[in-house]
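# Coordinate inspection notes
These are the residues of each chain, in order.
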Amino acid sequence: MVDFLVDVGQYGNVRLSDADEERILNDLREAAAALFEAPLRSVAVVGGASEALGQLAILAAKPGGEVLLVPTDFPSVTYPWLAAGERFGTVVRWVQDSPGQDLTAALVDGIQNGTTAVCFSAVQFATGSLVDVGEVVRRAHAVGARVIVDVTQMAGAMAVSLRSWSADALVCSGYKWLSTHGGVALLVVADDLLQDVPPIVGWKGTQHPFHFDPTTLALATDARRFELSTIAYSSAAGLSTSIELLADVGYPALTRHAEALARELVAATEPHGWTPFRDLDAPGASHHIVSLRHPTLAASAIQARLAEEHQIVVSSRGGGIRVSLHAYNDSSDIDALADAIGNASR
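How each quantity is defined
- Residues numbered from 1 in each chain as written.
- Predicted model: local features only at pLDDT ≥ 70, side-chain atom pairs only at ≥ 80, totals over all residues.
- Heavy atoms only, no water.
- Helix = DSSP H or I, 4+ residues; strand = E, 2+ residues; numbered from the N terminus.
- Rg over C-alpha atoms; globule rule 2.2 N^0.38 Å.
- Buried < 20%, exposed > 50% of the residue type's maximum accessible area, 1.4 Å probe, protein only.
- Areas by Shrake-Rupley, 256 points an atom, 1.4 Å probe, with all protein chains shown as cover.
- Axes fitted to C-alpha atoms, helices over the stretch in contact; angles between N-to-C directions.
- Parallel < 35°, antiparallel > 145°, perpendicular 65-115°, else oblique.
- Contact = heavy atoms within 4.5 Å.
- Nonpolar A, V, L, I, M, F, W, Y, C, P; charged D, E, K, R; others polar.
- Salt bridge = Lys/Arg side-chain N within 4 Å of Asp/Glu carboxyl O.
- Core = buried A, V, L, I, M, F, W, Y, C linked by side-chain atoms within 4.5 Å.
- Pairing = 2+ DSSP bridges.
- Patch = residues over 30% accessible without salt bridge, like charges linked within 9 Å, V, L, I, M, F, W, Y side chains within 5 Å.
- Lys, Arg positive; Asp, Glu negative; His and termini not counted.
- Charge placed at Lys NZ, Arg CZ, Asp CG, Glu CD.
- Expected span 1.5 Å × (residues − 1).

To continue, consider the overall build of the protein. Check the secondary structure of the protein and you find twelve helices and eleven strands. Over its C-alpha atoms the protein spans a radius of gyration of 21 Å, differing by no more than 12% from the 20 Å that the globule rule assigns to 346 residues. Viewed in the frame of its principal axes, the protein has a C-alpha envelope of about 70 × 55 × 30 Å. Across the 346 residues in the protein, those meeting the buried criterion constitute 52%. Total accessible area computed for the protein in this model is approximately 14,900 Å², and 53% of it derives from carbon and sulfur atoms.

Given below as structure tokens:
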């Protein structure tokens, strides 16, 4: 990213011709196709997950249709559908993420004949609840509903597969588990969506963006039709590199590493009264996001103390302390957190 900014950021078109700019995202699209086990034609590079989710909601919304959502999901997943309710009369029905029930089962049970779309995060940002996407897709497709999945809290920590899931669309921010900067996200769409004209069309969405003809719309025949305009190319360069680094480690290894740390975390914090939102061995538990809960202590107050007194960065989300475990964490981080949370819990 620094090299890109030093080179192109300083010199502009001297170092980045029109032809170069037309091809600049090719490496990232190819890396994303491998990351998501998806055809190259299905991959678009966009400026943010909200941009993609907003477009998909408009495409998938049906007047009077019903969409299934999770009320504690990240707002970028739900807000476009609330807007679709006002715009198209789409009915929103909520499925709760509760520790007593597998979220996959709740979503599958919630799908009915009137359901036209299901939209959710594959891993819930606040609780770490994990959805079996393939199971939801099979049930949704049986009633003719489309499935849109945000994999922002999954990709980079676990394997993601459009090929196995057969979802209608995947959306992923670059700045979470994929570990790059803001300003770039990935969109993967199934072939039937490639027949649609995107709700928002930009100059980069044409087959040959620099063959300027303002009087004729010649959209790309692949997912590039969803790309709008110049984005943070330096972030795109960083994301390509980050995907390569993570793929070299291997997602099974990353998943095993997170699980080992999660088990250490739970064992070390339970004596202080903290328990995970969902048992680590329960169906629907991820291990790279662990939400710790205490029966009497406020998570927000403890989170603030951990940051101010111990320089330990966790989040306060949905009534719990969210601990995010990735490749750069090790057992010493768990020990430090456990000691700090013990002191803060007294």
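This brings us to the packing of helix α9 (residues 233-249) against helix α10 (residues 251-269). Packing of α9 against α10 brings their axes to within 5 Å, and their N-to-C directions diverge by 75°. Looking at the two axes, α9 sits roughly perpendicular to α10. Contacts between α9 and α10 pair Ile243, Leu246, Ala247 and Val249 from the former with Tyr251, Ala253 and Leu254 from the latter. Broken down by class, the residue content of the contact of α9 with α10 amounts to seven nonpolar, no polar and no charged.

Summed over all chains, the structure comprises 14 salt bridges. Arg224 serves as the salt-bridge partner of Asp222, at 3.0 Å between the closest nitrogen and oxygen. Glu309 is paired through a salt bridge with Arg305; the nearest N and O atoms lie 3.1 Å apart. Here Arg305 and Glu309 lie together in helix α11 (residues 299-310), a separation of four residues that amounts to about one turn. Judged by relative accessible area, which is 44%, Glu309 ranks as partly exposed. Under the relative-accessibility criterion, Arg305 is labelled partly exposed at 29%. Bridged by salt links that share partners, the residues Arg146, Asp192 and Asp196 form one connected network.

Among the nonpolar cores identified, the biggest contains 58 residues, and Phe36, Leu107, Phe120, Val151, Leu170 and Leu186 are the most heavily contacted of them. In contact with Leu107, other than residues within four places in its own chain, are Leu68, Val70, Val95, Val118, Phe120, Val131 and Val136.

The strand order across the open sheet built from four strands is β8-β9-β11-β10, with neighbouring strands paired in antiparallel fashion. The open sheet has two free edges, formed respectively by β8 (275-276) and β10 (315-317), since each of these has just one partner strand. Each of β10 and β11 (320-324) touches α11; the most contacted strand, β11, lies at about 45° to it.

Below, the discussion takes up unusual backbone geometry. One non-glycine residue with positive phi stands out, namely Ser179, at about 65°. When its relative accessible area of 37% is taken as the criterion, Ser179 is described as partly exposed. At Gln311, a residue that is not glycine, the phi angle is positive and equals roughly 55°. Structurally, Gln311 can be placed in the loop between α11 and β10.

In this section: a negative patch on the surface. Together, Glu264, Asp330, Asp333, Asp335 and Asp339 make up a region of like negative charge exposed at the surface. With three residues, helix α12 (residues 331-344) is the largest single contributor of residues to the negative patch.

Taking 1.5 Å of rise per residue, the 14 residues of helix α5 (residues 75-88) would be expected to cover 20 Å, and the 19 Å separating its terminal C-alpha atoms lies within 8% of that figure. Three or more residues of α5 are buried, namely Ser76, Val77, Thr78, Pro80, Trp81 and Ala84. On the buried face of α5, the contacting elements are α4 (49-60), β2 (66-69), β3 (91-94), β4 (115-121) and β5 (146-150). Of the residues trailing α5, Gly89 is marked for its positive phi of about 80°.

Taken together, the side chains of Tyr79, Leu82 and Trp94 make up a nonpolar region of the molecular surface, amounting to roughly 320 Å² of accessible area. Summarising the element assignment, Leu82 is placed in helix α5. Judged by relative accessible area, Leu82 falls into the partly exposed class, the value being 36%.

Bridge count between β2 and β3: four bridges; the pairing is parallel. Directly across from Glu66, in β3, lies its bridge partner Val91.

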